[in-house]
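An overview of the molecular structure
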Amino acid sequence: MSKSGTILYLDGVSVAFDGFKAINNLSLVLDQGEMRAIIGPNGAGKTTMMDIITGKTRPNSGQVFFNGDVDLTKHDEADIATMGIGRKFQKPTVFESHTVEDNLVLALAGERSILSALFARRSSGESVRIDEILQTVRLTHRRDDLAADLSHGQKQWLEIGMLLAQDPKLLLVDEPVAGMTDAETEETARLLKDIARDHSVIVVEHDMHFVRELGVKVTCLHEGSVLSEGSLDHVSADPRVVEVYLGR
Ligand SMILES: Nc1ncnc2c1ncn2[C@@H]1O[C@H](COP(=O)(O)OP(=O)(O)OP(=O)(O)O)[C@@H](O)[C@H]1O
């Protein structure tokens, strides 16, 4: 299959830990601008796949390409982040004692020191960017509040905003709606769809109601490879998916 037009291209990827194949001949292709939902039972290899993409884990074999022709197996984690792959882990890690806005200022500053980021005069470009991100993550009205005072769902949104501040081409989002209220879950689906208008996104999630709201192609992993792929209706009607995952 051609790599052109892809943001992510995994072909025949395997990785073993002490002889156990956590990822087993995995092939997965994400088109530029696509959002994909990844589902699958515990231990299916979802986290390990993300670790391979971000350079945390090296595959034993197979190809991993980003943006068409960048061989990710030749780069380390810091390089890969700089090249435009942002990852959000399940647990939010915002700076609780700073305001929502300052969290974004810090994320925008990247390598700059914390003090200079917080006290330097902000360029008009930075201000516009912060306003845009606040709007995208539904936190404009909370900009001056401490991050500690946000709800769990709003903290997740702030962290997604911090990821956006780094201007990634591809966002990897791990279980964003775990612990959210139903209303927050539905808003998160809308929020990610907004982001997916100009980013590529991979979302790992167990919440099928949320996956349905996303309305995107779904890949079900099992034992380190793709078990089923297609629309949610197609995947959830697949008897193998029902047997190992949905029927449980
Ligand atoms: N560093 C490691 N050393 C040994 N085994 C590992 C390591 N990392 C992952 N595994 C094993 O690889 C398999 C895949 O794990 P992984 O965490 O990728 O699954 P997952 O699909 O993310 O599961 P969950 O939904 O529970 O997060 C599991 O059996 C896990 O125990």
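Residues numbered from 1 in each chain as written. Predicted model: local features only at pLDDT ≥ 70, side-chain atom pairs only at ≥ 80, totals over all residues.

The secondary structure content of the chain amounts to 10 helices and 10 strands. Relative to the compact-globule value of 18 Å for 248 residues, the chain shows a C-alpha radius of gyration of 18 Å, a close match. Reported as C-alpha extents along the three principal axes, the dimensions of the chain are approximately 55 × 40 × 35 Å. Long-range contacts, defined as pairs at least 24 residues apart, comprise 66% of the intrachain contacts of the chain with a sequence gap of at least 6. (Helix = DSSP H or I, 4+ residues; strand = E, 2+ residues; numbered from the N terminus. Rg over C-alpha atoms; globule rule 2.2 N^0.38 Å. Contact = placed C-beta atoms within 7 Å.)

This part takes up the sheet that holds strand E6 (residues 85-88). Read across the open sheet, the 6 strands follow the order E6-E7-E8-E3-E9-E10; overall the sheet is mixed. Only two strands of the sheet have a single neighbouring strand rather than two, namely E6 and strand E10 (225-230). Taking each pair of neighbouring strands and ignoring which way they run, the sheet shows an average axis angle of 20°. Two elements, strand E7 (residues 170-174) and strand E8 (residues 200-204), share 5 bridges in a ladder whose sense is parallel. Following the sheet pairing, Leu-172 is matched in E8 by Ile-202. (Pairing = 2+ DSSP bridges. Axes fitted to C-alpha atoms, helices over the stretch in contact; angles between N-to-C directions.)

Mapped onto the secondary structure, Ala-147 falls in the loop between helix H5 (124-136) and helix H6 (152-165). Taking the number of C-beta atoms within 10 Å as the measure of exposure, Ala-147 has 22 and is therefore buried. (Buried ≥ 20, exposed ≤ 12 C-beta atoms within 10 Å, placed from the backbone.)

Around the ligand, the surrounding shell consists of Phe-17, Ala-22, Gly-40, Asn-42, Gly-43, Ala-44, Gly-45, Lys-46, Thr-47 and Thr-48. The biggest single contributor to the shell around the ligand is helix H1 (residues 46-53), with 3 residues. A per-class count over the shell around the ligand returns 3 nonpolar, 6 polar and 1 charged. (Near = placed C-beta within 6 Å. Nonpolar A, V, L, I, M, F, W, Y, C, P; charged D, E, K, R; others polar.)

Once that is clear, we can look at the nonpolar core. Buried together is how nonpolar side chains tend to be arranged in soluble globular proteins. By size, the foremost hydrophobic cluster in this structure holds 68 residues, and its most contacted members are Ile-53, Leu-158 and Val-203. Element by element, the count of residues in this core is highest for H6, at 7 residues. Ignoring any residue separated from it by four or fewer positions in sequence, one finds Ile-53 in contact with Leu-8, Val-64, Leu-72, Ile-85 and Leu-172. (Core = buried A, V, L, I, M, F, W, Y, C linked by C-beta atoms within 7 Å.)

For the rest of this paragraph, the subject is the sheet that holds strand E1 (residues 6-17). One open sheet accounts for 4 strands, arranged E2-E1-E4-E5; its pairing is antiparallel. Only two strands of the sheet have a single neighbouring strand rather than two, namely strand E2 (20-31) and strand E5 (70-71). H1 contacts E1, E2 and strand E4 (61-66) of the sheet and is inclined by roughly 65° relative to E2.

Glancing now at the pairing of strand E9 (residues 218-222). Across the 5 residues of E9, 5 count as buried, placing the element largely inside the fold. Of the two faces of E9, the one holding Val-218, Cys-220 and His-222 and the one holding Thr-219 and Leu-221 are both buried throughout. Of the strand pairs in this sheet, strand E3 (residues 35-39) and E9 are connected by 3 bridges, and their pairing is parallel. Its bridge partner lying in E9, Ala-37 is registered against Val-218. Judged from the 5 bridges that link them, E9 and E10 form a sheet pairing that is antiparallel. Its bridge partner being in E10, Val-218 is matched across the sheet by Gly-230.

Negative phi is the rule for most residues except glycine; trans is the rule for most peptide bonds. Positive phi values are uncommon outside glycine, yet Asp-18 reaches one of about 50°. According to the C-beta neighbour criterion, Asp-18 is exposed, with 4 such atoms within 10 Å. Residue Glu-223 is not a glycine yet carries a positive backbone phi of 50°. With respect to the secondary-structure elements, Glu-223 resides in the loop between E9 and E10.

Structural measurements only, silent on function.
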